[in-house]
Amino acid sequence: MKFEHLIEINDPLNPLLEPLSVEQLWRGLVLRAESPQLFMPHLDECQIEERSVEGLRRRLRYGELVVSDRVEFEPLRQVRYLVAAQGEISASSLIMSIESPTEGALFVRFQYDDGHDAATDAANSMYDDYRRSAYHAADLDTIRVLRDLAEQGRLDSLLN
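Residues numbered from 1 in each chain as written. Predicted model: local features only at pLDDT ≥ 70, side-chain atom pairs only at ≥ 80, totals over all residues. Heavy atoms only, no water.

**A look at unusual backbone geometry**
Alright, step 1. One non-glycine residue, Leu76, lies in positive phi territory at about 60°.
Alright, step 2. Assignment of secondary structure puts Leu76 in the loop between β4 (65–74) and β5 (78–83).
Alright, step 3. For Leu76, a relative accessible area of 41% translates into the label partly exposed. (Helix = DSSP H or I, 4+ residues; strand = E, 2+ residues; numbered from the N terminus. Buried < 20%, exposed > 50% of the residue type's maximum accessible area, 1.4 Å probe, protein only.)

As structure tokens, then:
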């Protein structure tokens, strides 16, 4: 299943929407990788096994399920989550890209790829509809948490 969608962060035509800077948005996306429990309350544990300027290697525990992944950073532009095939989990990825198509407009593009071929996607069609809906809801929640953190000034303090 390949799935992508955009979430609008700043809308210059909507004065009710408090704008975020690219730096605040970036720091929030990095924080999601470093402290995923803030964004995924069902996550039991996250161990960062390796950290560098380029990214992280992590182990995430959801009950009995443990998933290892790699997170790559392209500063102020993109965060890539890469899960290698492991056990019964197939290789997959999530890419979050910051986009600013016009002055003052700001979006995050979320791109999911579960690594399955077209035949598997066809067989999983109903399940994939549910997953797309769940991914979209989780991504909206991510942006809501980022906005809450920005409103509290926590993203600014992390920038300094």
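**Details of the packing of aromatic side chains**
Alright, step 1. Evaluated as defined, the whole model comprises three aromatic pairs.
Alright, step 2. Between Phe3 and Tyr112 the ring centres are 6.1 Å apart and the planes differ by 25°, which places this aromatic pair in the stacked class. Of this pair, Phe3 sits in strand β1 (residues 2–10) while Tyr112 is found in strand β7 (residues 106–113), placing the two residues 109 residues apart along the sequence. Here Phe3 and Tyr112 have matching classes, each one buried.
Alright, step 3. Ring geometry for Trp26 against Phe73: centres 6.1 Å apart, planes inclined by 80°, an arrangement best described as edge-to-face. Highlighted residues: Trp26 in helix α1 (residues 22–34) and Phe73 in strand β4, separated in sequence by 47 residues.
Alright, step 4. Of the residues examined, Phe73 reaches a relative accessible area of 12% and is grouped as buried.
Alright, step 5. A connected cluster of aromatic rings, assembled from ring pairs, spans Phe3, Tyr112 and Tyr135. (Phe/Tyr/Trp six-rings, centres within 6.5 Å; stacked < 30°, edge-to-face > 60°.)

**Overview of the sheet that holds strand β6 (residues 92–99)**
One key point about sheets: their strands pair by backbone hydrogen bonds, in either a parallel or an antiparallel sense.
Alright, step 1. With antiparallel pairing, seven strands are arranged side by side in an open sheet as β1-β7-β6-β5-β4-β3-β2. Two strands in the sheet have a free side with no partner beyond their single neighbour: β1 and β2 (45–52). Adjacent strand axes in the sheet meet at a mean angle of 15°, parallel and antiparallel pairs treated alike.
Alright, step 2. Relative to β5, β4 runs antiparallel, the two sharing five bridges. Among the inter-strand pairings, Glu74 is bridged to a residue of β5, identified as Gln78. (Pairing = 2+ DSSP bridges. Axes fitted to C-alpha atoms, helices over the stretch in contact; angles between N-to-C directions.)

**Remarks on the pairing of β4**
Alright, step 1. When strand β3 (residues 55–62) meets β4, the two strands line up antiparallel, connected through eight bridges. Its bridge partner lying in β4, Leu60 is registered against Val67.
Alright, step 2. Linking two consecutive strands that pair antiparallel, namely β3 and β4, is a turn of two residues; a positive phi of about 65° is found at Gly63 within it.
Alright, step 3. Connecting β4 to the antiparallel partner β5 that follows it, the hairpin turn spans three residues, and Leu76 within it adopts a positive phi of roughly 60°.

**A look at the packing of α1 against helix α3 (residues 125–151)**
Alright, step 1. Packing of α1 against α3 leaves a shortest axis separation of 10 Å and a crossing angle of 120°. One finds that α1 runs oblique with respect to α3. In this structure, α1 meets α3 at a crossing whose hand is right-handed. Along its contact with α1, which presents Gln24, Leu25, Gly28, Leu29, Leu31 and Arg32, the element α3 presents Thr142, Leu146, Leu149 and Ala150.
Alright, step 2. Each residue belonging to the contact of α1 with α3 can be placed in one class, and the counts come to six nonpolar, three polar and one charged. (Parallel < 35°, antiparallel > 145°, perpendicular 65-115°, else oblique. Left-handed = near helix turned anticlockwise from the far one by under 90°. Contact = heavy atoms within 4.5 Å. Nonpolar A, V, L, I, M, F, W, Y, C, P; charged D, E, K, R; others polar.)

**Examining α1**
Alright, step 1. Compared with an ideal rise of 1.5 Å per residue, which puts 13 residues at 18 Å, α1 spans 18 Å between its outermost C-alpha atoms and is within 8% of the ideal.
Alright, step 2. α1 sits mainly inside the fold: ten of its 13 residues count as buried.
Alright, step 3. Among all positions of α1, only Gln24, Leu25, Trp26, Arg27, Gly28, Leu29, Val30, Leu31, Arg32 and Ala33 are buried. (Expected span 1.5 Å × (residues − 1).)

**Overview of the pattern of salt bridges**
Alright, step 1. By the definition in use, this model includes 20 salt bridges.
Alright, step 2. A salt bridge links Glu34 to Arg27, with the shortest nitrogen-to-oxygen separation between them at 3.1 Å.
Alright, step 3. On the basis of relative accessibility, which here comes to 16%, the residue Arg27 falls in the buried class.
Alright, step 4. Of the charged contacts in the structure, one is a salt bridge between Arg61 and Asp44, with a shortest N-O distance of 3.8 Å. Remark: Asp44 occurs in the loop between α1 and β2 and Arg61 occurs in strand β3; sequence separation between them is 17 residues.
Alright, step 5. Here Arg61 falls in the partly exposed class, since its relative accessible area comes to 31%.
Alright, step 6. Taken together, the shared-partner salt bridges connect Arg70, Glu72, Glu74, Arg77 and Arg80 into one network. (Salt bridge = Lys/Arg side-chain N within 4 Å of Asp/Glu carboxyl O.)

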